[in-house]
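# Working through the structure, step by step
In case you want the letters, here they are:
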Amino acid sequence: TKETIVLGIETSCDETAASVVRNGTEILSNVVASQIESHKRFGGVVPEIASRHHVEQMTYVVEEALNQAELSIEEIDAIAVTEGPGLVGALLIGVNAAKAIAFAHSIPLVGVHHIAGHIYANRLLKEMDFPLMSLVVSGGHTELVLMKEHGSFEVIGETRDDAAGEAYDKVARTLGLPYPGGPHIDRLAQEGTPSIKLPRAWLEEGSYDFSFSGLKSSVINTLHNAEQRGEVIDAKDLAASFQESVIDVLVTKTKRAVEEYHAKQLLLAGGVAANKGLRERLQETFGEDKNLELIVPPLSLCTDNAAMIAAAGTILFEQGKRSGYALNANPGLVL
Ligand code: KG4
Ligand code: ZN
């Protein structure tokens, strides 16, 4: 049988990435040019700066991905590109690069949803077994996604306000930690004890939705109140308490969803999947479960990359999806 070689391109936020993947499962190259250093001093991603970096890096990153895969562009069967959601100016660079290459070499083009990409990062480790549940936790999204077959995504719960990663970054900022704050809170939390009482937003009975803004405000208030009383709060304990609250809600709702939908696999996805505490708790909760296979990608496949876009694009391509040259960046694209 003929193999499918897909070039993936991802520019939705602050990583310029290109990757070549064989048959949607095997990484031949995975190149990521991070811009974090350029955004750090502003305490977050500056859209204009992100776009500029993407323009500068795009050609180099694509060439490098082909070089590392030891392939020429003529050997590529399809180009998969993130069409949304994300920063519109950032997305536009990837979409236009993909269209230009596709047009110049008459290669089929496939637009990919960024979250579908995060979920499909798991297929680079293990074949999917349906129905499956994916817990997507990133800087922009917190979702429980049910998949009954390839290419079909049912969002059964999502955040009503801040995404988990967003809450991590805001809490980190309040504690004076650099951007992105998630890894710093995670590190502090390992050294602290969850001794400070913080809320958990369970929402209505049976709801799979999430809410993290109340927790975030509660952390900020706890700090300010202590400051006013002239007390010092241990940042490690506060980080541990915050992390405990986030993980409690994420894992409890995930467990209920996995049971209700009889999921055969649980796939972790998105940048917050790098969280050590979350990975440990998932392992404790599901690691011994005979009826559920827990898949946790390595850190390099949890944060934004193009291999995941190529992996998701391969399935869409094999299912016959094609995006014309009218493909446009769609910052609000729904899954
Ligand atoms: O998926 P991602 O790379 O970009 C988006 O699509 O949003 O996720 C980035 C987010 C940031 O909010 C970052 O703080 C968070 O993932 N993050 C973490 C950890 N590593 C990255 N959050 C908690 N613990 C971590 N170890
Ligand atoms: Zn992402």
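Given the structure is predicted, the values throughout are model-derived calculations rather than measurements.

To continue, consider the nonpolar core. One finds Ile9, Ile79, Ala80, Ala310 and Ala312 to be the most contacted residues of the largest nonpolar core, which totals 96 residues. Viewed by domain, this core spans two of them, domain 1 (5-120 + 302-318) and domain 2 (128-296), each represented by three or more residues. Alanine 80 has contacts with Val6, Gly8, Val110, Val112, Ile309, Ala310, Ala312 and Gly313, leaving out every residue within four places of it along the chain.

The next thing to look at is the pairing of strand β3 (residues 26-34). The pairing of strand β2 (residues 15-22) with β3 spans eight bridges and is antiparallel. When the sheet's bridge partners are listed, arginine 22 is paired in β3 with glutamate 26.

What follows is about the domain arrangement of the chain. Each assigned domain of the chain is listed here: domain 1 (5-120 + 302-318) and domain 2 (128-296). When each unit is reduced to the centre of its C-alpha atoms, the spacing between domain 1 and domain 2 is 27 Å. Across the boundary between the two partners, domain 1 contributes 13 residues, which contact 19 residues of domain 2. Mapped by element, the contributors of at least two residues to the side of domain 1 that touches domain 2 are α1 (36-40), α4 (114-120) and α11 (307-318). Per-element accounting of the side of domain 1 that touches domain 2 gives the leading share, four residues, to α4. For the side of domain 1 that touches domain 2, the per-class residue count stands at seven nonpolar, five polar and one charged.

Okay, the pairing of strand β6 (residues 132-137) next. Across the six residues that make up β6, a large majority, six, are buried. With burial as the criterion, each face of β6 is covered, one bearing Leu132, Ser134 and Val136 and the other bearing Met133, Leu135 and Val137. Bridging between β6 and strand β9 (residues 265-269) involves five bridges; their strand directions are parallel. Across the sheet, residue leucine 132 finds its bridge partner in β9, namely glutamine 265.

Rules used throughout
Residues numbered from 1 in each chain as written. Chains lettered and ligands numbered in written order. Predicted model: local features only at pLDDT ≥ 70, side-chain atom pairs only at ≥ 80, totals over all residues. Core = buried A, V, L, I, M, F, W, Y, C linked by C-beta atoms within 7 Å. Buried ≥ 20, exposed ≤ 12 C-beta atoms within 10 Å, placed from the backbone. Domains from an automatic or database assignment. Contact = placed C-beta atoms within 7 Å. Pairing = 2+ DSSP bridges. Helix = DSSP H or I, 4+ residues; strand = E, 2+ residues; numbered from the N terminus. Nonpolar A, V, L, I, M, F, W, Y, C, P; charged D, E, K, R; others polar.

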